[in-house]
Amino acid sequence: MEITKHLFINLSILIILLLFCLIWLDNSKKFTISKKIIVVFFIFLIWTCIQFSYNPVPFARYDLRIIPLVVGGLYFGVGPILVLAMLIIRSFYGLETGLLETAVLYIPLAVAFFRLSPWFWKQAPIRRIPYAVCLGMLLGVLTVSGMELINHTGSNWYDAWFAYLVIPPLGIGLIAYSIEFIKKSVEMRLELIKVEKLKAVEQMGAAISHEIRNPLTAASGFVQLLNDDYLPRHKRKEYLSIVKEELNSAEKVIQDYLTFAKPSLVSIEELNVKNELKQIIKIIQPIANQNSVEIVTDFSVIGFIKGDRQRFRQCFINILKNAVEAMPNGGHLFIETTFTHNFVTISVKDTGVGMTTEQLNRLGEPYYSTKGSKGTGLGMMVVYSIVRAMNGTIKVTSEIEKGTTFNIKFPTVTSLKNFDSK
Ligand code: ADP
Ligand code: MG
């Protein structure tokens, strides 16, 4: 069973190479490969098969070149080039009857491939696999018959028949199945992305109408009340301030959406992290006082990053506000910065209610809020999109009833300069 043994070795090599190819494809995250790369890869497979072939007599080489030929020819439409390449490679291994037999068998196949591949692609996916297997089997039969004719097989004839009837169809079947499987999963992935996008647009539309309609309805109700000529002065003032508040809240929702939809940084400047955070703390201090939250800071002396001041403030106001809101019965809010040559890390730690793993995973999801009517569930979404736009990263750790820590890391101005000059 020498032929069978060698063909199995051939098959193992082919499968290992295809596995590497799949890993590379998965890492490169590409859904399409150029035809040139396919041709080179398949020629390499054919060369490998011929190189590792079994040749008991000088003019006969038993190998699995049928597999790359059939798969490349049917699935990728590069059959004619592969046949030509195979004949050239084969000729390097000797110009004898074996080469002649190869030419007689494969030149008509090269011509047939011109029509076979388009026809093959018109077939349903479940039919393509058996068709490819049948072609492999047919070529196997023709190869062994040819060898019988010039009497290569000798006493090995049953071994040759068994090897060529079983191994090429098996290999082709396995590879064709993998290709169909990958093709289907790529199509599903693309479809999923499309569905996700549609879902996001749908959600956004629903939320905009819901969140803007509420304050607008309230405002228009109070405007109607203002119509009353006998309304006391203090009431009028109160209603007007409610109308203003409602309109402001509608405006806030729109502002949040705009930041999410277009997180582009409008005016980029160098920001002194320490000074910016001090300003933001001033804004947040009144809410902290209301909740009996003590703010403790520890800032490194230096630390410049590049970004849009307004967005940076919006981002940290959201984070700090959430932290304060997580401590309704008071607590400590620690804000620290650490500075290395390449990064500034801002850490915001609270001693609040904390989050479960499930809540942590949903953080940043649009409209995810545990605050009922008090929350919009947009704050963290905005935070994530701003940090992303500033090339930063966010890490959150949280323990229920103990507190939450946000670590936000930005590249420093010096690291960006180094990067630009590279
Ligand atoms: P909102 O504050 O309007 O609820 P956010 O997007 O700002 O929306 O926050 C989403 C949710 O994330 C909050 O409802 C809260 O459950 C959780 N969260 C955010 N920050 C913290 C924090 N520091 N501690 C505990 N939970 C938090
Ligand atoms: Mg919030």
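Just so it is clear, the structure is predicted and the values come from calculations on it, not from any experiment.

A. Region of the structure containing the nonpolar core. One finds Ile 3, Leu 7, Tyr 62, Leu 64, Ile 67, Tyr 106 and Tyr 164 to be the most contacted residues of the largest nonpolar core, which totals 54 residues. Secondary structure elements with two or more residues in this core: helix 1 (2-28), helix 2 (35-51), helix 3 (66-75), helix 4 (79-92), helix 5 (97-122), helix 6 (125-149) and helix 7 (157-226). The residues touching Tyr 164, leaving out its near neighbours within four places in the chain, are Ile 3, Leu 7, Arg 61, Tyr 62, Asp 63, Ile 66, Gly 140, Thr 143, Val 144, Met 147 and Pro 169. Counting 37 residues, the second-largest nonpolar core is a separate cluster that includes Ile 284, Ala 288, Val 348 and Met 390.

B. Broad picture of the pattern of salt bridges. Taken as a whole, this structure holds 12 salt bridges when the rule is applied. One salt bridge in this structure joins Arg 128 and Glu 180, with 2.7 Å as the shortest N-O distance. You can see Arg 128 sitting in helix 6 and its partner Glu 180 sitting in helix 7, a full 52 residues away along the chain. Residue Arg 128 is classed as buried on the basis of its relative accessible area of 3%. Close ionic contact of Glu 238 with Lys 235 constitutes a salt bridge, the shortest N to O distance being 3.9 Å.

C. Main features of the packing of helix 3 against helix 6. Between helix 3 and helix 6, the least distance of the axes is 10 Å, while the angle of their chain directions is 140 degrees. By the criterion of interaxial angle, the relationship of helix 3 to helix 6 is oblique. Between helix 3 and helix 6 lies a crossing of right-handed hand. Here helix 3 contributes Ile 66, Val 70, Leu 74 and Tyr 75 to the contact with helix 6, which in turn contributes Arg 128, Ile 129, Ala 132, Leu 135, Gly 136, Leu 139, Gly 140 and Thr 143.

D. Summary view of the site of ligand 1. Taken together, 19 residues are adjacent to ligand 1, and Ser 369, Thr 370, Lys 371, Thr 376 and Met 380 come closest. Between Asp 350 and ligand 1, the recorded distance is 2.9 Å, taken from a side-chain N or O atom to a nitrogen atom. The contact in question runs from an oxygen atom of ligand 1 to an N or O atom on the side chain of Ser 369, over 2.5 Å. Computed on the free molecule, ligand 1 has an accessible area of 530 Å², of which 94% lies beneath the protein chains in the complex. Elements that contribute at least two residues to the shell around ligand 1 include exactly helix 10 (309-325), helix 12 (379-389) and strand 7 (403-411).

E. Representation of the packing of aromatic side chains. Within the structure shown, the criterion is met by 14 aromatic pairs. Taking the centre distance of 6.3 Å and the plane angle of 75 degrees together, the rings of Phe 120 and Trp 121 count as edge-to-face. With centroids separated by 6.4 Å and ring planes inclined at 20 degrees, the aromatic side chains of Tyr 177 and Phe 181 adopt a geometry described as stacked. Of this pair, Tyr 177 and Phe 181 both sit in helix 7, four residues apart, roughly one helical turn. Residue Tyr 177 is classed as exposed on the basis of its relative accessible area, which comes to 53%. For Phe 181, a relative accessible area of 53% corresponds to the exposed category. Within the aromatic cluster, the residues linked to one another by ring pairs are Phe 41, Phe 42 and Phe 76.

F. Representation of the domain arrangement of the protein chain. When the domains of the protein chain are assigned, the result is domain 1 (2-193), domain 2 (197-261) and domain 3 (269-421). For domain 1 and domain 2, the distance between their C-alpha centres works out to 68 Å.

G. How the structure looks around empty space enclosed by the protein. Within the structure shown, the criterion is met by two cavities of 30 Å³ or more. Here the largest cavity defines a volume of roughly 150 Å³. Looking at the lining of the largest cavity, the elements that each hand over two or more residues are helix 5 and helix 6. Here the lining of the largest cavity takes five residues from helix 5, the largest share from any one element. Here the residues of the lining of the largest cavity sort into seven nonpolar, four polar and five charged. For the second largest cavity, the calculated volume is near 50 Å³.

Parameters at a glance
Residues numbered from 1 in each chain as written. Chains lettered and ligands numbered in written order. Predicted model: local features only at pLDDT ≥ 70, side-chain atom pairs only at ≥ 80, totals over all residues. Heavy atoms only, no water. Core = buried A, V, L, I, M, F, W, Y, C linked by side-chain atoms within 4.5 Å. Buried < 20%, exposed > 50% of the residue type's maximum accessible area, 1.4 Å probe, protein only. Helix = DSSP H or I, 4+ residues; strand = E, 2+ residues; numbered from the N terminus. Contact = heavy atoms within 4.5 Å. Salt bridge = Lys/Arg side-chain N within 4 Å of Asp/Glu carboxyl O. Axes fitted to C-alpha atoms, helices over the stretch in contact; angles between N-to-C directions. Parallel < 35°, antiparallel > 145°, perpendicular 65-115°, else oblique. Left-handed = near helix turned anticlockwise from the far one by under 90°. Near = heavy atom within 4 Å. Polar contact = N/O pair within 3.5 Å; in protein donor to acceptor, adjacent residues only side chain to side chain. Areas by Shrake-Rupley, 256 points an atom, 1.4 Å probe, with all protein chains shown as cover. Phe/Tyr/Trp six-rings, centres within 6.5 Å; stacked < 30°, edge-to-face > 60°. Domains from an automatic or database assignment. 1 Å grid on protein atoms, 1.4 Å probe; cavity = no way out; pocket = protein on both sides within 12 Å on 5 of 7 lines; lining within 4 Å. Points joined across faces, edges and corners; volume = space filled by probe spheres on them. Nonpolar A, V, L, I, M, F, W, Y, C, P; charged D, E, K, R; others polar.

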